[in-house]
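# Topology and contacts: notes
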Amino acid sequence: MKDRLRHEGAPVRLDDVHFSYGDAPMRFDVAFRPAAITALMGPSGSGKSTLLNLVAGFETPSSGRVLIGGEDVTSLPPAARPVSMMFQENNLFAHLDVEKNVGLGRSPSLRLTVEDRAAVAEALQRTGLGGKEHRLPRELSGGERQRVAIARVLVRNRPVLLLDEPFGSLGPALRADMLELLTEVQAERKMTVLFVTHQPEDARRVADDMVFLEDGSVAAAGPATTFFSEAGPEAFRRYIGAQITESARKRT
Amino acid sequence: MSSAAPLTPSPALSRTLLSRGRDGRILAGIFALAAIALLIGGAFAGLLIESIRDFPAAITAFDAYLGRIVRFTLWQAALSTALSVVPAIFVARALSRHPDFPGRAIILRLFALPLALPAIVAALGILSLLGRAGYLAGPLSALSGGTWPGIYGLSGILVAHVFFNLPLATRFFLEALDALPADQWRLASQLGMGPAASFRLVEWPALRAALPGIAGLVFMLCITSFTIVLTLGGGPAATTLEVAIYQALRFDFDPARAVTFTLLQIALTAIVMFVLTRLGANAAIDASLPVAQRRFVTIRAGEAVLNAALIALALALVAGPIAATVAAGLAADLLRLAGDPAVQQATLTSIVLAVLSALLSVAIALSLAAARQALAKRRAQRAGLLESLAGTGAGLVLVVPPIVIGAGWFVLLRHSGFLFAAAPIMVATVNAVMAMPFAIRAIRPAYDAAGERNDRLCAQLGIAGWNRATLIDWPVLRRPIATGFAFAMALSLGDLGVIALFGSDSVQTLPYLLLARLGSYRTDDAAGLALLLGLLCLALIFVADRFGKEKPA
């Protein structure tokens, strides 16, 4: 299955997935286009991260199915799903150097073949980390740490990439760099990317599609160009409007 | 809705992670608890069977002698606590007000030393300093105008207990003072508070909050102190319950009496432990070093002199017996001792038993930490019984002092024919369980933090089982494991309670041999052995420290 999916992206679909977190029931019925970047936006607690966790296998739905590439992965453990995931932090093991952290994407026992090593070296070059193979995470900047995580995504080479606000703690310039790297990598590998973000400008910059979540379900979905135009969904426009006022207030 | 941001992994998430084959952790915890239950339960079974079998004899043990022993046990503990804790308040305050005191770091390191030292070594040090033929006997005789009778009985016990507990209490109080926010000091200084005002308004509230817990802990350590009372106490006038248990079993062969004493001792420690937990104290000692902060205090010359004198006095109290141990040990015929087959055999036995005990202790601690974390993640809201047992419950083994467990098994096994053959097993297991709360204290925070940090990433990358243990967990946990291991080993090396009951000519450890030599008035040998034992323990702690630091994590 994986080989067929590897270079063409895979559609991701949540088929009437029900999930309850505490006493907040959630229901997702949504499909993500293969080889496209879809940004997931919505207020805190609207279920963005939960949706990602359901796809990644960290959460199990109480009913419904999760389909990747047309296959039911609902009962598969996280590592067996054709998915890579980047978290906001803790993407790296603090005691392992850059090379090993990336190498773990190839082999969970770190027994690497010659090809594996070549792939790791190439991924490090590709993400601008050449020469930093033996640094420990604490010797890297925040942006570099996320580059290591991207390098691992490259060597893992899975058709779906889940991003849970991985650049949320970076400054604007660094974030722009990372988004650029991300779009390049996505263009090469044609991964299906689900990208949770709080920044409308990030979504506008990279997303092909948009999914807007509210109160544990999908409130609106569609092409990003529509979302960010005058014809965008009302709820979404209200949300980003509120966000802009809020960030403007914070700045003063 | 927007306020309910899920910051921590949900229970469902954790359930998912768990169902993927990490339930072995809970099983390991159940095994560990079962092992502890077997050890303690066996001892209780022995005690119960004996008291039922010979009930009248157990009752007649309640006599005037018993009353005297209980009174003395409590009295010496109360005095030791007062003499350790009250001065410690002022020593801690002095150290806290002089962050630049010359040699402060070394002094604090030295204050951590008694904790690592076997009680018998300290007892020997005090004897070589203040005993009838001690280094200070001459000056003391001249001072008292007669012949110095040597320090035995209550005074000896008190000196030894203060030697152990004053530095301990000082470090705890210092920790409490260091926990005060720096702004408070700045404010006090800004408002022009003098030493009295700043003590009353800033330092005392912090110290008072820490006082009950520290005093309770010291009291607990003193009512369960066996070695000190055995070596420095004298005769029926200065005997505690623990020593009385030992004497009833090894000398009077009066198990019924021993059972009564033991049950009383358990009741006593249980009461103290209960009060302690009520006071919010953690019975497991933390061996971390307080770090000096920058302080903004102005100190007048008079106070500085007073503080320096206080610190010097405390230093003399701690350094004196240690120096005496070293001097007396070096004066002994070390070469002859080293060639003595009995010494060689005892050293080997001690080390082997200590390693076994430490391995067992760390294994139990790891199993309990793992099980507790697994259960904590799985539960809905309140902690279940198993989780509580694996967590705080583990500290409860301290209610049953080694001599009590030893006594129970002694009574149980005494007709079985392998009473003395059980010695190695008893020494290793009892000390492993006794060291377990401390090992848990060292290991669990790191274990929990590592789990919190790495569980999701490991699940995502498919790192599990052996790979996870070697690649992820071991590098993070090696340092705390080394600390726990060294502590357990030192505890077992210094054990005298269990081996005093089960020791024989065929199974001797270093402390047992030391006690035997002391009993036959071969004081030089004893001093030499004390030095050897003390160095062994210190080397161990040093190596553990090195091992933990070797590779930066």
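Residues numbered from 1 in each chain as written. Chains lettered and ligands numbered in written order. Predicted model: local features only at pLDDT ≥ 70, side-chain atom pairs only at ≥ 80, totals over all residues.

### Topic: the overall build of chain B
- Along the backbone of chain B there are 23 helices and zero strands.
- Looking at chain B as a whole, 49% of its 553 residues are labelled buried.
- The long-range share in chain B, meaning contacts at least 24 apart out of those at least 6 apart in sequence, stands at 84%. (Helix = DSSP H or I, 4+ residues; strand = E, 2+ residues; numbered from the N terminus. Buried ≥ 20, exposed ≤ 12 C-beta atoms within 10 Å, placed from the backbone. Contact = placed C-beta atoms within 7 Å.)

### Focus: the domain arrangement of chain B
Residue and element names in this part refer to chain B.
- Entries for chain B in the domain assignment read domain 1 (10–53 + 334–553) and domain 2 (56–331).
- With 39 residues of domain 1 in contact, the opposing surface of domain 2 contributes 39 residues.
- Taken together, the elements giving at least two residues each to the side of domain 1 that touches domain 2 come down to helix 2 (24–53), helix 18 (402–413), helix 19 (423–461), helix 20 (465–493), helix 21 (497–502), helix 22 (510–519) and helix 23 (523–549).
- Of the residues forming the side of domain 1 that touches domain 2, the biggest block, ten residues, is contributed by helix 23.
- In terms of residue class, the side of domain 1 that touches domain 2 is made up of 29 nonpolar, seven polar and three charged. (Domains from an automatic or database assignment. Nonpolar A, V, L, I, M, F, W, Y, C, P; charged D, E, K, R; others polar.)

### Structural notes on the environment of V73(A)
Residues and elements named next belong to chain A.
- Looking at where V73 falls in the secondary structure, it is placed in the loop between strand 5 (71–72) and strand 6 (83–86).
- Separated by 15 residues in sequence, V73 and F58 place their C-alpha atoms 12 Å apart.
- Those residues within four positions of V73 in sequence are excluded, and the remaining contacts are V66, I68 and R81.

### Points about the domain arrangement of chain A
Residue and element names in this part refer to chain A.
- Along its sequence, chain A is carved into domain 1 (2–82 + 160–251) and domain 2 (91–157).
- At the junction of the two partners, domain 1 supplies eleven residues and domain 2 supplies nine residues.
- The leading source of residues in the side of domain 1 that touches domain 2 is helix 6 (residues 172–189), at five residues.
- For the side of domain 1 that touches domain 2, the per-class residue count stands at eight nonpolar, one polar and two charged.

### A few points about the sheet that holds strand 8 (residues 192–196) of chain A
Residue and element names in this part refer to chain A.
- One open sheet holds the six strands; their spatial order is 6-7-8-3-9-10, and the pairing between them is mixed. Edge positions in the sheet fall to strand 6 and strand 10 (217–223), since each has one partner strand and no second. Between one strand axis and the next, the sheet turns through 15° on average, direction left out of account.
- Two strands pair when backbone bridges link them, and strand 3 (residues 37–41) and strand 8 are joined in this way by four bridges, in the parallel orientation. The partner of T38 across the bridge, within strand 8, is L194. (Pairing = 2+ DSSP bridges. Axes fitted to C-alpha atoms, helices over the stretch in contact; angles between N-to-C directions.)

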